[in-house]
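Spelled out from the first residue to the last, the chains are:
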Amino acid sequence: QVQLVESGGGLVQPGGSLRLSCAASGFIFSRYSMNWYRQAPGKERELVAAITSGGGAYTNYADSAKGRFTISRDNAKNTVYLQMNSLKFEDTAVYYCNTRTWRDFWGQGTQVTVSS
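Reading the values: rules and limits
- Within any chain, residue numbers begin from 1 and follow the written order of that chain's sequence.
- Restriction of local features to residues with pLDDT of at least 70 applies here, the model being predicted, together with a cutoff of 80 or more for giving and counting side-chain atom pairs; totals for whole chains, interfaces and linings are based on all residues.
- Based on all heavy atoms of the structure, the side-chain values leave hydrogens and waters out of the count.
- Secondary structure elements follow DSSP: runs of H or I no shorter than four residues count as helices, runs of E no shorter than two count as strands, and numbering proceeds from the N terminus.
- Any N or O atom pair separated by 3.5 Å or less is treated as a polar contact, with the protein-specific requirement of one donor-capable and one acceptor-capable atom, and with residues adjacent in sequence counted only for side-chain atom pairs.
- Contacts were defined at the residue level, with two residues in contact if any of their heavy atoms lie within 4.5 Å.
- To count as a disulfide, a pair of cysteine sulfur atoms needs to be within 2.5 Å.
- Summary of the burial criterion: residues with accessible area below 20% of their type's maximum are buried, those above 50% are exposed, and those between are partly exposed, where the area comes from a 1.4 Å probe applied to protein chains only.

1. A word on the side chain of Asn35
Part 1: Within the secondary structure, Asn35 is located in strand 4 (residues 34–39).
Part 2: A polar side-chain atom of Asn35 sits 2.7 Å from a polar atom in the side chain of Asn98.
Part 3: When near neighbours in sequence (up to four residues on either side) are disregarded, Asn35 contacts Leu47, Ala49, Ala50, Tyr96, Cys97 and Asn98.

Shown next as C-alpha cells:
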C-alpha cells in the first residue's frame, strides 16, 4: 500500500534552515508528482511546494515559500525533499507530504517550529 513517511522537522530559530524528507513506498514513485503541504494551528492546510514526475523538471511554490524553499526529488531513493531556508515564525506548522495516485495519500506529518 502507499506509504509516505516524513522526517526532518524540529525546532529552529528564525533565519535558520531545515531539510524535510518524505520517503515513499507502495507505488512507482517516479511516475507521480509530489507535494508538500503545511497546516498551522487554526488554519487550513495549504500547498507549499510541488514537483512534477520523472526528473522533476517543473516546480511550483506558494508565494510565501518562493526564494526560501526548494523542493527536489531523488527517484532512486523514492524520496522527496523540502529545503527550507530563512525560516520565519509564520512557517511554524505541521508539514505533510502528499501524492495523488488513484486518490490522495498523505504522510503523518512532521512538526516545524520556528521560535527564538
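Text resumes after the structure shown.
2. As for the state of the cysteines
Part 1: Under the defined criterion, the tally for this structure stands at 1 disulfide.
Part 2: The side chain of Cys22 participates in a disulfide bridge whose partner is Cys97; the two sulfur atoms lie 2.1 Å from each other. Taking the torsion about the sulfur-sulfur bond, which here is approximately -80 degrees, the covalent link between Cys22 and Cys97 counts as left-handed. With Cys22 in strand 3 (residues 18–25) and Cys97 in strand 9 (residues 93–100), this residue pair connects regions lying 75 residues apart in the sequence. Cys97 shares its class with Cys22; the two are buried.

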